[in-house]
2 protein chains.
Amino acid sequence: MQLTKTEEQLMQYLWEKEKAFMKDLIEAYPEPRPAATTIATLLKRMADKKFIGYKLYGNSREYHPLVKKSDYFSKHMSGLIKTFFNDSATQFASFFTKESDMSEAEL
Amino acid sequence: MQLTKTEEQLMQYLWEKEKAFMKDLIEAYPEPRPAATTIATLLKRMADKKFIGYKLYGNSREYHPLVKKSDYFSKHMSGLIKTFFNDSATQFASFFTKESDMSEAEL
DNA sequence: TAATTAATTCTACATTTGTAGAATGTACTA
DNA sequence: TAGTACATTCTACAAATGTAGAATTAATTA
């Protein structure tokens, strides 16, 4: 199962904070903030998908990531490379150095 | 508007072929192939999203991409870098060389 | 020309995603 | 302790996505 774009956004905030209560995550959003129940739904779905976990404190939860940002990113990258470069890192690298703003020197 | 995963898959086949009739695209799929109407729906949606165009030949259409694979890929990459590295190519590069299978030498 | 092949359009429907109101419960605070 | 702040669960619903049957049409072929 994959995170959707909206869920990914929320995940970003959680990665930044490392752990957080719902309130903190809501505050991370720029105005106009989504409704609290919207976030609650997202958190629930993300927990179902096993991307986040939580510790109970009274009736509320302190959420934390279950996947590392780097792992998540890597998975995306390899997916992208697989899809677009037939899984050839070399093909990717040559495209990358040609097309990107980065020069080989920078790398 | 974005392509969905399924649409992207179909787009891959079209990029490979450069232009194709529906039949050719269906044949590109491994068994079990999706129903022809499924492909037809996808092609229609992709045309609506302006990712593909077509030339009429009798009652049928020869489809072709309207966006280059490299452009599409680049957009994805920058999106990914923006999301995960706060738009810093340098941060990305350092992560990349550290985490990937590719060495700097390879690049 | 009758049968076959390919494509298109229309319609349909289950699932997933984005968003949030209402009701309810707990915990801190004046 | 009564009010306020925060969280949770339940329910709901529109839009997007994945998938495809039925009907119709055009082109090809036996």
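One can find the structure itself at the top, above this paragraph.
One structure accompanies this document, and this report is about it. Computed from a predicted structure; not experimentally measured. (Residues numbered from 1 in each chain as written. Chains lettered and ligands numbered in written order. Predicted model: local features only at pLDDT ≥ 70, side-chain atom pairs only at ≥ 80, totals over all residues.)

Each helix and strand counted, chain A has 5 helices and 3 strands in total. Starting at the N terminus, the α and β elements of chain A follow one another as α-β-α-α-β-β-α-α. Split into buried and exposed, the 107 residues of chain A put 14% on the buried side. Considering only contacts in chain A between residues 6 or more positions apart, those separated by 24 or more positions represent 39%. (Helix = DSSP H or I, 4+ residues; strand = E, 2+ residues; numbered from the N terminus. Buried ≥ 20, exposed ≤ 12 C-beta atoms within 10 Å, placed from the backbone. Contact = placed C-beta atoms within 7 Å.)

What surrounds DNA strand D is a group of 23 residues, the closest being K23(A), R61(A), T4(B), G58(B) and N59(B). Classifying every residue of the surface near DNA strand D gives 7 nonpolar, 11 polar and 5 charged. (Near = placed C-beta within 6 Å. Nonpolar A, V, L, I, M, F, W, Y, C, P; charged D, E, K, R; others polar.)

Near DNA strand C you find 23 residues, and of these T4(A), G58(A), K23(B), S60(B) and R61(B) are the closest. Going through the elements one at a time, α1 (5-17) and α3 (36-48) of chain A together with α2 (22-28), α3 (36-48) and β3 (60-65) of chain B are the ones with two or more residues in the surface near DNA strand C. The biggest single contributor to the surface near DNA strand C is α3(B), with 5 residues. Classifying every residue of the surface near DNA strand C gives 7 nonpolar, 11 polar and 5 charged.

Residues and elements named next belong to chain B. Mapped onto the elements, A93 comes out in helix α5 (residues 89-99). The exposure class assigned to A93 is partly exposed, which follows from the 18 C-beta atoms found within 10 Å. Counting along the chain gives 11 residues from A93 to K82, while the straight-line C-alpha distance between them is 13 Å.

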